[in-house]
Amino acid sequence: MRILIVDDEPAVHETYSYCFWDCTTDHRDPVEHGGDTRAFRPHHCYQGAEAVAAVEKAMSEGNPFKVAFIDIRMPPGIDGRETARRIRALDPDIHLVIVTGYTDFSPADISRVAGPADKIFYIAKPFQLAEVTQMAIALCHRWDNDRELAAARAMLAAQVVTLEEKTAELAANENRAMHIAMHDALTDAPNRVAFLRGLQERGRRPGPFVTGMIDLDRFKLVNDTLGHLAGDELIREVCAMIHRHAPRDALVARLGGDEFGLFFDAENEEQAITACERIVSACATSFNILGHAVRCGASCGLVMSGEGVERDPTDLVRQADMALNDAKRSGRGVVRVFDEGMDESIRVRRGIEAGLASAIANDELSLAFQPIVGRGDLEIAGFEALVRWTTTDHGPVSPAIFIPIAEESHLIHELGDWVLDHALAELQHWPGQYVSVNFSPVQFRRSHFVAHVMDSVRRAGVEPGRVQIEITETAIFDDAERASQTLCALRKLGFRIALDDFGTGYSSLYNIRKFALDCLKIDRSFIDGMGRERESAAIVHSIIHLGRALGLGVVAEGVETEAQAQALRVAGASHLQGFLFSCPVPAVEARELATRRVLPLPGGDHTEPALAVGARY
């Protein structure tokens with residue numbers, strides 16, 4: 001322990017030496033002696049300037065003093081106050097002990113020039129030998145502790161900076177991925193997902209508005225005669241033209257191919273027709289496409305939404321599309337307004353609603369189970385329960401048809417209860433896997449949702465940890481605060497929570513962190529596009545990195561090829577699900593797979609009837 005002693009009286013130095021004489025040659029192991037070694041190495045200086053030079057030399061050699069005992073009066077040189085000031089300027093960490101019998105300077109005077117105050121101490125002359133020794137030991141240990149604490153703080157600060165940089169990078173990647181997910185790659189206009197989201201938000205606000213669908217006339221001829229590059233350029237030109245001539249408040253989106261969607265405020269049907277006719281007229285012009293004059297045209301279908309009526313976005317798009325088809329049948333280049341006579345499917349929907357209610361009441365539905373496997377050994381972690389309905393008259397009915405009808409008619413509660421009860425009953429035949437059950441936003445918003453699910457689990461005699469609740473982003477972001485409370489309550493009871501179709505909705509890094517989740521399920525549309533589109537691959541990688549950064553599992557749905565599976569393994573997805581491993585199977589086959597626990601390596605024909613495509617329950 002290096003000690004600096006500064007005093008102009010030789011007798012005082014002798015006293016200091018007597019304090020430390022039995023310590024200067026002591027090389028005992030501090031561990032063996034409780035850490036209280038007395039191996040001091042005092043350095044004696046008789047004038048302030050000499051002490052300042054000693055400190056400067058020690059600092060340059062990287063071997064600083066830990067404590068300096070400084071006398072106040074040291075004629076004829078600089079006094080102790082100035083000595084302390086200069087030493088502090090050279091070494092901010094050294095502990096200074098002012099040793100004096102005079103009151104030339106107050107502690108405040110010395111602290112002002114040689115502070116901070118917590119590194120300045122005082123001993124009065126004449127001092128006790130034990131007082132000096134104990135002060136030296138305590139301050140040397142404190143010097144060591146201060147160094148360790150500073151090093152720990154520096155390391156922590158560096159880690160915080162690194163973490164902040166990674167968080168910023170992750171947020172930037174998420175923003176880029178979300179922009180890609182919500183915008184068309186060719187025109188950078190909002191895509192179908194963004195259009196439906198915006199349409200839903202507009203439907204919640206007061207005031208009438210119009211939803212329109214626009215389709216180019218004879219676009220296929222341009223592709224066939226001039227090539228796809230010319231077709232792409234024409235799409236970009238037309239998109240810009242629609243933007244220029246649409247009402248100022250309109251949202252214009254490219255929905256795919258040569259089809260565009262828009263919605264805007266309109267007081268009445270006449271105003272809506274006039275605005276859409278202006279767009280159709282603007283598109284009926286010649287475009288200079290890659291040096292060729294291309295004559296284009298467009299047709300439009302629209303549907304009005306009245307005051308105070310919340311409309312389903314998908315239904316609005318469907319009706320506007322019916323009106324568009326009528327416009328094309330009428331000779332193209334015209335605008336048509338939807339009317340109920342165009343919607344022959346209404347009767348079909350009512351028939352499906354009645355048939356579904358009867359099927360639920362008479363237990364005429366069935367469940368299929370699709371395995372969810374580990375990415376490496378293909379061990380079955382769980383099964384997703386998917387509902388099936390086969391009618392006597394019309395055969396199989398796709399879940400993509402009857403589930404939206406169930407949601408609109410509120411049959412979804414009865415249907416959801418049927419699925420949950422039968423899935424829990426089947427779960428008891430498995431050796432340990434969990435069952436993943438989809439819940440619609442309508443179910444999730446029930447006031448007693450948590451209690452209802454828990455009652456079902458108790459009745460079945462199943463542990464909540466073997467039940468995974470799958471919900472979509474729409475379910476939780478419609479009312480984020482309430483959803484957060486619901487998910488926390490479910491997690492406290494032991495349920496697993498999965499966010500389904502991740503990447504297609506409204507999620508953000510901040511929101512995802514708020515919710516009690518176990519895993520993210522990547523939407524199958526991104527998996528399908530991985531091999532063809534760089535954007536899809538980028539989204540998949542971003543979602544996987546986001547999930548891993550937040551400590552969540554990541555399940556990739558819709559895996560159909562070995563190339564997709566390998567790419568997802570490399571990217572870090574924790575689990576895989578899709579026809580490559582197994583199509584949804586009946587309950588009996590699911591029991592056999594659960595008992596086997598591990599699926600064989602992919603091979604053979606992995607197909608399933610069209611009924612399963614798009615199934616969510």
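Keep in mind the model is a prediction, meaning the values are calculated, not measured.

1. Some points on the overall build of the chain
Consideration 1: A tally of helices and strands in the chain yields 22 helices and 21 strands.
Consideration 2: Relative to a compact globule of 617 residues, whose C-alpha radius of gyration would be 25 Å, the chain shows 38 Å and is clearly more extended.
Consideration 3: Along the first, second and third principal axes, the C-alpha atoms of the chain reach 115 × 65 × 45 Å.
Consideration 4: Within the chain, the proportion of its 617 residues that are buried is 49%.
Consideration 5: Intrachain contacts of the chain at a sequence separation of at least 6 include 70% that bridge at least 24 residues.
Consideration 6: For the chain, the exposed surface amounts to about 29,200 Å²; the carbon and sulfur share of it is 52%.
Consideration 7: Across the chain, the centroid of the 64 positively charged side chains sits 1 Å from that of the 89 negatively charged ones.

2. Concerning the nonpolar core
Consideration 1: Among the nonpolar cores identified, the biggest contains 86 residues, and Leu-415, Leu-487 and Leu-568 are the most heavily contacted of them.
Consideration 2: Top contributing element to this core by residue count: helix α13 (residues 412-427), with eight residues.
Consideration 3: With 37 residues, the next largest nonpolar core counts Ile-214, Leu-262, Ala-272 and Cys-276 among its residues.

3. With respect to the packing of aromatic side chains
By convention here, two paired aromatic rings are described through the distance between centres and the angle between planes.
Consideration 1: Scanning all chains against the criterion turns up nine aromatic pairs.
Consideration 2: Where Phe-369 meets Trp-430, the ring centres are 5.4 Å apart and the plane angle is 90°; that geometry is what we call edge-to-face. Within this pair, whereas Phe-369 is found in strand β13 (residues 365-374), its partner Trp-430 is found in the loop between α13 and β16 (434-438), the two being separated by 61 residues in sequence.
Consideration 3: By relative accessible area, Trp-430 is classed as buried at 4%.
Consideration 4: Judged by centre distance (4.7 Å) and plane angle (40°), the rings of Phe-383 and Trp-430 are tilted. Taken together, the residues span a long stretch of sequence, with Phe-383 in strand β14 (residues 380-391) and Trp-430 in the loop between α13 and β16 at a distance of 47 residues.
Consideration 5: Take Phe-383: its relative accessible area is 0%, and that puts it in the buried class.

4. Comments concerning unusual backbone geometry
Consideration 1: Residues Pro-75 and Pro-76 are joined by a peptide bond in cis, for which omega reads 5°.
Consideration 2: The topology assignment puts Pro-76 in the loop between β3 (67-71) and α3 (80-90).
Consideration 3: Lys-125 connects to Pro-126 through a cis peptide bond whose omega is -10°.
Consideration 4: Tracing the chain through its elements places Pro-126 in the loop between β5 (120-124) and α5 (129-182).
Consideration 5: With phi around 65°, Asp-188 is a residue other than glycine that occupies positive phi space.
Consideration 6: Along the chain, the position of Asp-188 falls in the loop between α5 and α6 (192-204).

5. Some words on the pairing of strand β6 (residues 209-216)
Within a regular strand, the side chains alternate between the two sheet faces.
Consideration 1: For β6, the tally of buried residues reaches eight of eight residues, placing the bulk of the element in the interior.
Consideration 2: Covered by surrounding structure in β6 are Phe-209, Thr-211, Met-213 and Asp-215 together with Val-210, Gly-212, Ile-214 and Leu-216, the residues of both alternating faces.
Consideration 3: Relative to strand β8 (residues 259-265), β6 runs antiparallel, the two sharing seven bridges. Bridge pairing links Val-210 to Phe-264 in β8.
Consideration 4: Taken together, the eight bridges between β6 and strand β11 (residues 298-305) define a ladder with antiparallel strand orientation. Bridged to Thr-211 within β11 is Val-303.

6. Description of the sheet that holds β5
Consideration 1: With parallel pairing, the five strands of this open sheet are ordered in space as β2-β1-β3-β4-β5. Both edges of this open sheet fall to β2 (41-45) and β5, since each of them pairs with a single strand only. The mean angle between the axes of side-by-side strands here comes to 20°, regardless of whether they run parallel or antiparallel.
Consideration 2: Pairing of strand β1 (residues 2-6) with β3 involves four bridges; the strand directions are parallel. Looking at β3, one finds that Ile-5 is bridged to Phe-69.
Consideration 3: Lying on the sheet, helix α2 (residues 48-60) is in contact with β1 and β2; it crosses β1 at an angle near 160°.

7. Regarding the pattern of salt bridges
Consideration 1: Inspection of the entire model under this criterion finds 28 salt bridges.
Consideration 2: Among the salt bridges present, the one from Arg-85 reaches Glu-82, with a minimum N-O distance of 2.6 Å. Of this pair, Arg-85 and Glu-82 both sit in helix α3, three residues apart, which is roughly one turn of the helix.
Consideration 3: In this structure, Asp-421 engages Arg-459 in a salt bridge whose closest nitrogen and oxygen atoms are separated by 3.8 Å. You can see Asp-421 sitting in helix α13 and its partner Arg-459 sitting in helix α15 (residues 449-460), a full 38 residues away along the chain.
Consideration 4: The class of Arg-459 is exposed, set by a relative accessible area of 59%.

8. As for the sheet that holds β6
Consideration 1: Taken in spatial order, the five strands make up an open sheet running β7-β8-β6-β11-β12, and their pairing is mixed. Each edge of the sheet is formed by a strand with only one pairing partner; in this case those strands are β7 (251-256) and β12 (335-337). The sheet shows a mean angle of 20° between the axes of neighbouring strands, direction not considered.
Consideration 2: Across the face of the sheet, helix α8 (residues 228-245) comes into contact with β6, β7 and β8 while running at roughly 10° to β8.
Consideration 3: Most of the contacts of helix α9 (residues 269-283) go to β11, to which it runs at about 160°, and overall it touches β6, β8, β11 and β12.

9. A short note on the side chain of Gln-443
Consideration 1: For Gln-443, the position within the fold is in helix α14 (residues 441-444).
Consideration 2: Within polar-contact distance, the side chain of Gln-443 engages the backbone nitrogen of Ser-440 at 3.0 Å.

10. Comments concerning α2
Consideration 1: For α2, with 13 residues, the first-to-last C-alpha span of 19 Å sits near the 18 Å given by 1.5 Å per residue.
Consideration 2: Buried within α2 are the following residues: Gly-48, Ala-51, Val-52, Ala-54, Val-55 and Ala-58. Seen along its axis, α2 keeps its buried residues to an arc of 160°; they face one direction.
Consideration 3: Lining the buried residues of α2 we find β1, β2 and α3.
Consideration 4: One or two positions beyond α2, positive phi appears at Gly-62, with a value near 70°.

11. Regarding the confidence of the model for the chain
Consideration 1: Of the residues in the chain, 92% reach a pLDDT of 70 or more, and the chain-wide mean stands at 87.
Consideration 2: Taken element by element, the predicted model of the chain shows its lowest mean pLDDT in helix α18 (residues 509-514) (65) and its highest in β16 (97).
Consideration 3: This model gives residues 24-37 a pLDDT under 50, and the stretch forms 13 contacts once residues within four places in sequence are excluded.
Consideration 4: Of the regions scoring below 50 in pLDDT, residues 604-617 engages in 36 contacts with residues more than four places distant in sequence or in other chains.

Reading the values: rules and limits
Residues numbered from 1 in each chain as written. Predicted model: local features only at pLDDT ≥ 70, side-chain atom pairs only at ≥ 80, totals over all residues. Heavy atoms only, no water. Helix = DSSP H or I, 4+ residues; strand = E, 2+ residues; numbered from the N terminus. Rg over C-alpha atoms; globule rule 2.2 N^0.38 Å. Buried < 20%, exposed > 50% of the residue type's maximum accessible area, 1.4 Å probe, protein only. Contact = heavy atoms within 4.5 Å. Areas by Shrake-Rupley, 256 points an atom, 1.4 Å probe, with all protein chains shown as cover. Lys, Arg positive; Asp, Glu negative; His and termini not counted. Charge placed at Lys NZ, Arg CZ, Asp CG, Glu CD. Core = buried A, V, L, I, M, F, W, Y, C linked by side-chain atoms within 4.5 Å. Phe/Tyr/Trp six-rings, centres within 6.5 Å; stacked < 30°, edge-to-face > 60°. Pairing = 2+ DSSP bridges. Axes fitted to C-alpha atoms, helices over the stretch in contact; angles between N-to-C directions. Salt bridge = Lys/Arg side-chain N within 4 Å of Asp/Glu carboxyl O. Polar contact = N/O pair within 3.5 Å; in protein donor to acceptor, adjacent residues only side chain to side chain. Expected span 1.5 Å × (residues − 1). Arc of directions from axis to C-beta. pLDDT = per-residue confidence, 0-100.

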